[in-house]
Amino acid sequence: MSQGATAGSSRVPASAPAEAPAPAQGKEQRVTKQRLAVSAALDDLADFVSTQELHRILQERGTAVSLATSYRILQSLAEDGLVDVLRNADGEAVYRRCAVTGHHHHLLCRNCGKAVEVEAPAVEAWAARIAKEHGFTAVEHTVEIFGLCPECTALKAGQ
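Residues numbered from 1 in each chain as written. Predicted model: local features only at pLDDT ≥ 70, side-chain atom pairs only at ≥ 80, totals over all residues. Heavy atoms only, no water.

Draft legend 1. Inspection of the overall build of the chain at higher detail. The number of helices and strands found in the chain is five helices and six strands. In sequence order, the chain lays out its α and β elements as α-β-α-α-β-β-β-β-α-β-α. In the chain, which comprises 159 residues, the share counted as buried stands at 36%. By sequence separation, contacts in the chain at least 24 residues apart represent 56% of the contacts at least 6 residues apart. (Helix = DSSP H or I, 4+ residues; strand = E, 2+ residues; numbered from the N terminus. Buried < 20%, exposed > 50% of the residue type's maximum accessible area, 1.4 Å probe, protein only. Contact = heavy atoms within 4.5 Å.)

Here it is in structure tokens:
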């Protein structure tokens, strides 16, 4: 990956557990070896990861999951609200097991990919007001704020 959410900065060791716990589920999903492997890999990652990067990690672990299957599983997990999905600075979808339940937003470092989950009641009120003013219902929104994290800012200042 180029700039935006990078997948390699804060990884937990990639050794797969002997027996992965069943993933949390939203809608009724068939539990397959592939779904368990994707879920376990996401649990081991601290940063957002692209489908391609997750597929590479699974391959390194010796797990046979196709890229297309990885994509479908990630989409399913996102639809069920079990992972966060956002677009990095390059427009690529990236995924992460979410630590915060409920609707929230992210600050995302465009240099190292560090993400911070934030709640923003003012944004929620603004979105509801704007939707109501224009007669929209069943509104959803995503706010992604890109910048440089404190560590990347310090590194840039030291150059």
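Draft legend 2. Fine view of the nonpolar core. One finds Val-38, Leu-42, Leu-54, Leu-58 and Leu-77 to be the most contacted residues of the largest nonpolar core, which totals 18 residues. Those elements that place two or more of their residues in this core are α1 (33–44), α2 (51–60), α3 (67–79) and β3 (93–97). One finds Phe-48, Val-94, Leu-108 and Ala-115 within the second-largest nonpolar core, a separate group that totals five residues. (Core = buried A, V, L, I, M, F, W, Y, C linked by side-chain atoms within 4.5 Å.)

Draft legend 3. Local environment of the sheet that holds strand β4 (residues 105–109). Strand order in this open sheet of three strands is β5-β4-β6, and the pairing throughout is mixed. A strand with exactly one partner marks an edge of an open sheet, and here the two such strands are β5 (115–118) and β6 (144–147). Here the strands of the sheet are splayed against their neighbours by 20° on average, with no regard to which way each runs. With four bridges connecting them, β4 and β6 associate as parallel partners. Of the residues in β6, the one forming a bridge with Cys-109 is Gly-147. (Pairing = 2+ DSSP bridges. Axes fitted to C-alpha atoms, helices over the stretch in contact; angles between N-to-C directions.)

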